[in-house]
Amino acid sequence: MTPATMPAISLASVPDQFDGAVGFTVAEGSDWTGALATMDAACDGAIKRTAEAAGFDGSKGKTLLVLGAGASAPARILLAGLGAEAPSALDLNKAGASLMAEVATRGDASLTLVPHDGSAASAAALLEGAAMRAYRFDAYRTRLKDDQKQSVTTLVGACSDPASGQAMMTDVSGRVSGNFLARDLKHEPANILYPVAFAQRLKDELEPLGVEVTIIDEAQMEKEGWGALLGVGQGSVRDSAVVVMHWKGASGGVHDDPVCFVGKGVCFDTGGISIKPAGGMEDMKWDMGGAAAVSGLMKTLALRKAKANVVGLVGLVENMPAATAQRPGDIVTSLSGQTIQVLNTDAEGRLVLADVLWHAQEKYRPRFIVDLATLTGAMLVALGHEKAGVFSNDDELANQLFAASEATGEYVWRMPLGQEYNKSLDCKEADMRNIGGGRWGGSITAACFLERFIQKGQKWAHMDIAGVVWTDKPKPMVGTGATGFAVRSLDKLVQDNYEA
């Protein structure tokens, strides 16, 4: 498994001469100052004239590529508008990403980003967005032509006081690295990244960073009674696994009451006996998007040395049709002791999460649990590809998730729970059924199913990320493919609210 290469990122003083391409941010309605004004003067106003001719006025979201401004100027000069109001960190992230997108394959080895205010904080935010947009997964493409390959391998943020931004750069590098890991995992084909291989990769990737990684194998799960999870994987020749990742970064060595994240990791989902249609089934390699997000988050926390006690757990299975596969109508006994009648084997992710959620509560007694899963197609019907659904039994946690999502652009929207939905899971032959009584409100009844495995008094939120883990059209900080959704927002949730 070959990971995508993250560009080298750093802060530096504004140079007299720029190597490679250079990008400047421009505030709408403000005079050009600093390095941009100096460069424009050296080019006898050619940059300004080009901007005026193109109608570029610095309005938010607009970009301009200036070619051939002068013999002493870089071949490619880029401008990104920030609008008239003071930009947020997310605005700067998006501006940096747009600049990277303009020159990624144009032949320049480096891109220097210069914020209009000259600050290290703005330069770091630009670098984060540019590095996010630089992601490419070309591991299995052996016949790429040179002009199809990404040329930019170095990103530099030029500012007035680079030393003041070094702590910020540690955080930026950690978030981007974690995001890249999550995206790599989702891009890997299922013949390469099956459950045990996924588990070993996490051990290899995270243990050197100081994360305690424990793999719970099938033999242990059978002994302990993980019947819901094991039932999903019993049709596959690949063993199932659960990975527990523990980052013990709380100051003073206090490791009670961790915060906890749980990810669904169905490495390939055929639907099982309730088999999916053939068209688009290849996309089901990323039905482990929740597990990928939790894995990327744990890498981010370790790299930036987060002062928090965090446990991440991922349940890894393959859902395959076979003579040994779970059948519609089967009844399984979950780790909690509750019994479940499986009426649809394609509603499998909730079965995996049920056992992992129970184990997390019994073992760690966390301050809260957030689970993430590409759980339902109904979530796409409700929110499309723009936002994830959040279901929670705690207003404070839900509000913290919303605030983190707004700050990072990984948007969420709170959805309802309630007995009127929950009762549709009642069953005559077991404690519950794994699907509701009809096609309506499928994301809600799935969340209600998970809620049945949340113990009294436990703060919990469920994120249905089915519509946002992958994109077929470019987004501000993502080209196409895996998005790494939730790594940055969950890191911000921890950083803003739960670090000692």
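Chemist: Help me out: how do you make sense of the sheet that holds strand E16 (residues 432–433) in this one?
Modeler: Sheet strands pair by backbone hydrogen bonding; their relative direction is either parallel or antiparallel. Taken together, 3 strands build an open sheet; the order of strands is E11-E12-E16 and the sheet is mixed. Lying at the two open borders of the sheet, with one neighbouring strand each, are strand E11 (331–333) and E16. Bridge count between E11 and strand E12 (residues 339–341): 3 bridges; the pairing is antiparallel. Bridge pairing in E12 places Ile-331 opposite Gln-341.

Chemist: How should I be thinking about the layout of surface pockets in this particular structure?
Modeler: Where empty space is left can be seen by rolling a probe of water-molecule size over the atoms. Estimated volume of the largest pocket: approximately 1,100 Å³. Forming the boundary of the largest pocket are 46 residues, of which Lys-276, Leu-375, Thr-376, Gly-377 and Ala-378 lie nearest the centre. Elements represented by at least two residues in the lining of the largest pocket include exactly strand E9 (259–269), helix H10 (349–364), helix H11 (378–383), helix H14 (442–451) and strand E18 (470–471). Of the residues in the lining of the largest pocket, the class split is 18 nonpolar, 16 polar and 12 charged. What the second largest pocket holds in volume is close to 460 Å³. Around the second largest pocket sit 28 residues that line it, and Phe-24, Gly-34, Ala-35, Leu-36 and Met-39 are the ones nearest its centre.

Chemist: Looking at this model, I keep getting lost on the sheet that holds strand E5 (residues 110–114). Mind explaining?
Modeler: Ordered in space as E1-E6-E5-E2-E4-E3, the 6 strands form an open sheet in which the pairing is mixed. Of all the strands in the sheet, just strand E1 (8–13) and strand E3 (63–67) have a single pairing partner and so form its edges. For this sheet, the mean angle separating the axes of adjacent strands, direction not counted, is 20°. Across 4 bridges, the pairing between strand E2 (residues 21–26) and E5 is parallel. The residue of E5 that forms the bridge with Phe-24 is Val-114. Sheet strands touched by helix H2 (residues 46–54): E3 and strand E4 (76–81). Its angle to E3, the strand with the most contacts, is close to 130°. Against the sheet, helix H3 (residues 89–103) engages E2, E3, E4, E5 and strand E6 (154–159), with an angle of about 150° to E4.

Chemist: Would you mind going over empty space enclosed by the protein with me for this structure?
Modeler: The tally for this structure, following the rule as stated, stands at 1 cavity of 30 Å³ or more. As for the largest cavity, its lining consists of Gly-231, Val-232, Gly-272, Ile-273, Asn-319, Met-320, Ala-325, Gln-326 and Thr-345. Here the lining of the largest cavity is built from residues that sort into 4 nonpolar, 5 polar and no charged.

Chemist: Is there a simple way to explain the pattern of salt bridges in this structure?
Modeler: Oppositely charged side chains can form a pair if their charged atoms are brought close together. Under the defined criterion, the tally for this structure stands at 26 salt bridges. Between Lys-276 and Asp-346 there is a salt bridge, with its nearest N and O atoms 3.0 Å apart. Of this pair, Lys-276 sits in the loop between E9 and helix H9 (289–303) while Asp-346 is found in the loop between E12 and H10, placing the two residues 70 residues apart along the sequence. Between Glu-396 and Lys-459 there is a salt bridge whose closest N-O contact spans 3.2 Å. Of the two residues, Glu-396 is situated in helix H12 (residues 395–408) and Lys-459 in the loop between H14 and strand E17 (460–464); the sequence distance between them amounts to 63 residues. Residue class for Glu-396 comes out partly exposed when judged on its relative accessible area of 44%. Bridged by salt links that share partners, the residues Glu-128, Arg-175, Arg-304, Arg-488, Asp-491 and Glu-499 form one connected network.

Chemist: Would you mind going over the nonpolar core with me for this structure?
Modeler: Proteins that are soluble and globular tend to have nonpolar side chains buried together. Judged by nonpolar contacts, the single largest core of 55 residues is most densely connected at Met-245, Phe-261 and Met-463. Among the nonpolar cores identified, the runner-up in size contains 46 residues, and Val-262, Leu-425, Leu-450 and Phe-453 belong to it.

Chemist: Would you mind showing me how to read the environment of Val-469 here?
Modeler: Mapped onto the elements of the fold, Val-469 is located in the loop between E17 and E18. Through-space distance from the C-alpha of Val-469 to that of Gln-495 is 22 Å; in sequence the pair is 26 residues apart. With residues near it in sequence (within four places) discarded, Val-469 still touches Lys-186, Trp-286, Gly-289, Thr-374, Gly-481, Ala-482 and Thr-483.

Chemist: Help me out: how do you make sense of the pairing of strand E10 (residues 309–319) in this one?
Modeler: Within a regular strand, the side chains alternate between the two sheet faces. Counting buried positions over the 11 residues of E10 gives 11, a clear majority of the element. Of the two faces of E10, the one holding Asn-309, Val-311, Leu-313, Gly-315, Val-317 and Asn-319 and the one holding Val-310, Gly-312, Val-314, Leu-316 and Glu-318 are both buried throughout. Where strand E8 (residues 241–248) meets E10, 8 bridges bridge the pair, whose relative direction is antiparallel. Along E10, the bridge assignment pairs Trp-247 with Val-310. When E9 meets E10, the two strands line up parallel, connected through 10 bridges. Residue pairing in the sheet places Lys-264 in a bridge with Gly-315 of E10. Handedness of the crossover joining E9 and E10 through H9: right-handed.

Chemist: When you look at the confidence of the model for the chain in this model, what are you seeing that I'm missing?
Modeler: Regions with low pLDDT should not have their predicted coordinates read in detail. When pLDDT is averaged along the chain, the result is 96, and 100% of the positions lie at 70 or above. Highest mean pLDDT in the chain belongs to E17 (99); lowest belongs to helix H1 (residues 34–42) (95).

Chemist: Got a minute to help me understand unusual backbone geometry in this structure?
Modeler: Leaving glycine out, the prevailing phi sign among residues is negative, and the prevailing peptide bond configuration is trans. One non-glycine residue with positive phi stands out, namely Asp-44, at about 55°. Positionally, Asp-44 belongs in the loop between H1 and H2. Non-glycine residue Asp-257 carries a positive phi angle of around 50°.

Chemist: I'm lost on H12 in this one. Help?
Modeler: Each turn of an α-helix holds 3.6 residues, which means side chains three or four residues apart point in the same direction. For H12, spanning 14 residues, the distance from its first C-alpha to its last is 20 Å, which sits close to the expected 20 Å at 1.5 Å a residue. Every buried residue of H12 is listed here: Leu-397, Ala-398, Gln-400, Leu-401, Ala-404, Ser-405 and Thr-408. In a view along the axis of H12, the buried residues occupy a sector of 160°, so they form one face of it. Turned more than 90 degrees off the buried face of H12, the exposed positions are Asp-395 and Asn-399. Against the buried residues of H12 lie H3, strand E13 (368–373), strand E14 (388–392), strand E15 (412–414), E17 and helix H15 (487–497). Its side-chain oxygen placed 3.3 Å from the backbone nitrogen of Glu-396, Asp-394 serves as the N-cap of H12.

The rules behind each value
- The residue count restarts for each chain, going from 1 along the sequence in the order it is written.
- Local features in this predicted model are restricted to residues whose pLDDT is 70 or higher, and side-chain atom pairs enter the listing and the counts only when it is 80 or higher, whereas totals over whole chains, interfaces and linings include all residues.
- The side-chain values count all of the structure's non-hydrogen atoms but skip hydrogen atoms and water molecules.
- Paired strands, as defined in this entry, are two strands with at least two bridges between them according to DSSP.
- A helix here means a DSSP run of H or I that spans at least four residues, while a strand means a run of E at least two residues long, and both kinds are numbered starting from the N terminus.
- In this analysis a 1.4 Å probe is tested at points of a 1 Å grid over the protein atoms alone, and where it fits but cannot get out there is a cavity; an open set with protein on both sides within 12 Å along at least five of seven lines is a pocket; lining residues have an atom within 4 Å of a point.
- Grid points are joined across faces, edges and corners, and a volume is the space filled by probe spheres set on the points.
- Three classes are used, and their members are as follows: Ala, Val, Leu, Ile, Met, Phe, Trp, Tyr, Cys and Pro are nonpolar, Asp, Glu, Lys and Arg are charged, and the others, Gly among them, are polar.
- All axes are obtained by fitting lines to C-alpha atoms, using only the stretch in contact for helices, and the reported angles, taken between N-to-C directions, cover 0 to 180 degrees.
- In this analysis, two residues are considered to be in contact whenever any of their non-hydrogen atoms come within 4.5 Å of each other.
- One side-chain nitrogen of Lys or Arg within 4 Å of one carboxyl oxygen of Asp or Glu is enough to make a salt bridge.
- Here's how the labels work: a residue is buried when its accessible area is under 20% of the maximum for its type, exposed when over 50%, partly exposed in between, all with a 1.4 Å probe on protein chains only.
- For our purposes a nonpolar core is just a set of buried Ala, Val, Leu, Ile, Met, Phe, Trp, Tyr and Cys residues, chained together by side-chain atoms within 4.5 Å.
- Every crossover in which the path from the first strand over the helix to the second runs clockwise, viewed with the strands pointing away from the viewer, is termed right-handed.
- Looking at any residue, its pLDDT shows the predictor's confidence there, from 0 to 100.
- In this analysis, the expected span of each helix is defined as 1.5 Å times one less than the number of residues it contains.
- Note that the arc is computed from the directions linking the helix axis to the C-beta atoms.
- Pairs of N or O atoms are called polar contacts if they sit within 3.5 Å, as long as, within protein, a hydrogen donor faces a hydrogen acceptor (for residues adjacent in sequence, only side-chain-to-side-chain pairs).

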